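# Observations on chain architecture
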Amino acid sequence: MTTSPKRFPLPLAEVMTRRQRKAPVLDKSSRASPAGAPPAAMTRKAPNGTATSANQGVGKTSAVGSHNGLRAASTSLAGASARPAGAHASHAVVPKGLARPAATPHAQPAPHGVKIPVRPGGKAPNATVVSKPAPGAPSSKSTVRPTTGVKVSAGISSVGVSPDGIGLTSERVRARMAERVAASGVKHPGVLAALATVPRHGFVDAALANQAYEDAALPIGHGQTISKPSVVGRMIELLLAGGRPLEKVLEIGTGCGYQAAVLSCVAKDVYSIERVRPLHERAKANLRPLRVPNIRLHYGDGRLGLPAVAPFDGIVIAAAGLEIPDALVDQLAVGARLVAPVGGEQQILTLIERIGARQWRETQLDRVLFVPLKSGII
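Residues numbered from 1 in each chain as written. Predicted model: local features only at pLDDT ≥ 70, side-chain atom pairs only at ≥ 80, totals over all residues. Heavy atoms only, no water.

### Topic: helix 6 (residues 277-287)
- Those residues of helix 6 lying buried are Leu279, His280, Arg282, Ala283, Asn286 and Leu287. For helix 6, the arc enclosing every buried residue in end-on projection is 165°, short of the 170-degree limit, so these residues lie on one face.
- Here the buried face of helix 6 lies against strand 9 (218-221), strand 10 (224-226), helix 5 (258-263), strand 12 (269-274) and strand 13 (295-299). (Buried < 20%, exposed > 50% of the residue type's maximum accessible area, 1.4 Å probe, protein only. Helix = DSSP H or I, 4+ residues; strand = E, 2+ residues; numbered from the N terminus. Arc of directions from axis to C-beta. Contact = heavy atoms within 4.5 Å.)

### Regarding the sheet that holds strand 14 (residues 312-317)
- The strand order across the open sheet formed by seven strands is 13-12-11-14-15-16-17, and the pairing between neighbours is mixed. Unpaired on one side and paired on the other, strand 13 and strand 17 (359-368) mark the two borders of the sheet. Taking each pair of neighbouring strands and ignoring which way they run, the sheet shows an average axis angle of 15°.
- Running at roughly 155° to strand 15 (residues 332-343), helix 4 (residues 229-240) makes contact with strand 11 (248-252), strand 14, strand 15, strand 16 (347-356) and strand 17 of the sheet.
- Running over the sheet, helix 6 touches strand 12 and strand 13 and is turned about 160° from strand 13. (Pairing = 2+ DSSP bridges. Axes fitted to C-alpha atoms, helices over the stretch in contact; angles between N-to-C directions.)

### Overview of helix 4
- Between its first and last C-alpha, helix 4 extends 17 Å over twelve residues, near the 16 Å set by a 1.5 Å rise per residue.
- Counting buried positions over the twelve residues of helix 4 gives eleven, a clear majority of the element.
- All of the buried residues in helix 4 are Pro229, Ser230, Val231, Val232, Gly233, Met235, Ile236, Glu237, Leu238, Leu239 and Leu240. (Expected span 1.5 Å × (residues − 1).)

### Brief notes about the side chain of serine 272
- Here serine 272 is to be found in strand 12.
- Serine 272 sits in the buried class, given a relative accessible area of 0%.
- For serine 272, the residues in contact, after removing those within four places along its chain, are Glu251, Thr254, Arg296, Leu297 and His298.

### Digging into unusual backbone geometry
- With an omega of 5°, the peptide bond between alanine 310 and proline 311 qualifies as cis.
- Tracing the chain through its elements places proline 311 in the loop between strand 13 and strand 14.
- Its identity is not glycine, yet histidine 222 carries a phi of approximately 60°, on the positive side.
- The backbone of arginine 291 sits at a positive phi, close to 55°, despite the residue not being glycine.
- For arginine 291, the position within the fold is in the loop between helix 6 and strand 13.
- Among the residues examined, arginine 291 registers a relative accessible area of 42% and is labelled partly exposed.

### Some points on the pairing of strand 17
- Note: strand 16 against strand 17, eight bridges, orientation antiparallel. Its bridge partner being in strand 17, threonine 350 is matched across the sheet by glutamine 364.
- Where strand 16 folds back on strand 17, the antiparallel hairpin that results is connected by two residues.

### Quick word on the environment of alanine 319
- Note that alanine 319 resides in the loop between strand 14 and helix 7 (326-330).
- Once the C-alpha coordinates of alanine 319 and valine 371 are considered, the two residues, 52 residues apart in sequence, prove to be 5.2 Å apart.

### As for the UniProt feature "active site" (unreviewed entry) in the protein
- UniProt marks Ser227 with the feature "active site" (unreviewed entry), using the numbering shown here.
- In this fold, serine 227 is placed in the loop between strand 10 and helix 4.
- A relative accessible area of 16% places serine 227 in the buried class.
- Leaving out residues up to four positions away in the same chain, serine 227 has contacts with Arg200, Ala216, Ala217, Val232 and Phe370. (UniProt positions renumbered as here; feature names shortened; annotations may be inferred.)

### A look at the pairing of strand 13
- Relative to strand 13, strand 12 is paired through five bridges, and the arrangement is parallel. Bridge pairing links glutamate 274 to tyrosine 299 in strand 13.
- Once the chain exits strand 12 it traverses helix 6 before rejoining the sheet at strand 13, and the crossover so formed is right-handed. (Right-handed = clockwise from strand over helix to strand, strands pointing away.)

Here you go:
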């Protein structure tokens, strides 16, 4: 008895080759189905060269790719998802935002646009926002204009922000802060314009940047704070209320440099002293991008002032002592003003006016809260 030879299965490559030889020849064009409709039937060439189709009610679209004689229909509807190569079943295309029909379980929405963030406190580059399209759809992109400097007649020459900036760099954000300061009682237009010009978020820690334009004092390290915008505006307004041009102004307590930047917008020259070395260096770093030409920072004991530069047309002290140091009062020019908080736990904003060679007038104004005024350097 003879037995038939044992048959081994064919290799997968040869099986696929035989199947492809037996596959029907399809027309170059195919038909696309609207969202929610069953896929259009493929057309097969007749011997006479004409195409026949099982569904004649669907419009033709151009073929975008082929694989082993098969061509997929292209579509421009957003939200379409491409099926992997070699798939044998097609699904209807669903526009983005519509409910997915049961016949298209694999349709996915198009990915969201990718935005380029703008680093706070500096010039924004030519940012391009690109929306990533669905496969086969054309891409769209829009360009954000680069920021330009805002010029101020005296003081800051370039702030590095634009009127139509984004987020914290927006001029509108600073303008709203100035409006809140005006509502608190500050009315001097020059002071309000200066507050609306200086980017306060560039003087605080990045973690506190979202609070930069609130009317609140914020920590800057080493037991110091950046003063409330309303308090900064109030103190500078008191200097200007005397009607004397501010040729030279002395600030005691540079801190992060914010108040010096605001002063530079209303005074010709600003001298600022800081006794804490890290804060002195931080103020220089904060002011450097703004390219402020009329601020001179000094590291030293603020209670001693700067007798080599005196007399001053205005002195502002950003720390509270039990009394105002005599050295600072003596460095006031006749007709000039000094504004400082005075007291311990209970502090009063005090105005000192020099009305003669040996005459001063003192006026107590508002309740405030400042860090203590200390001597020496650290």
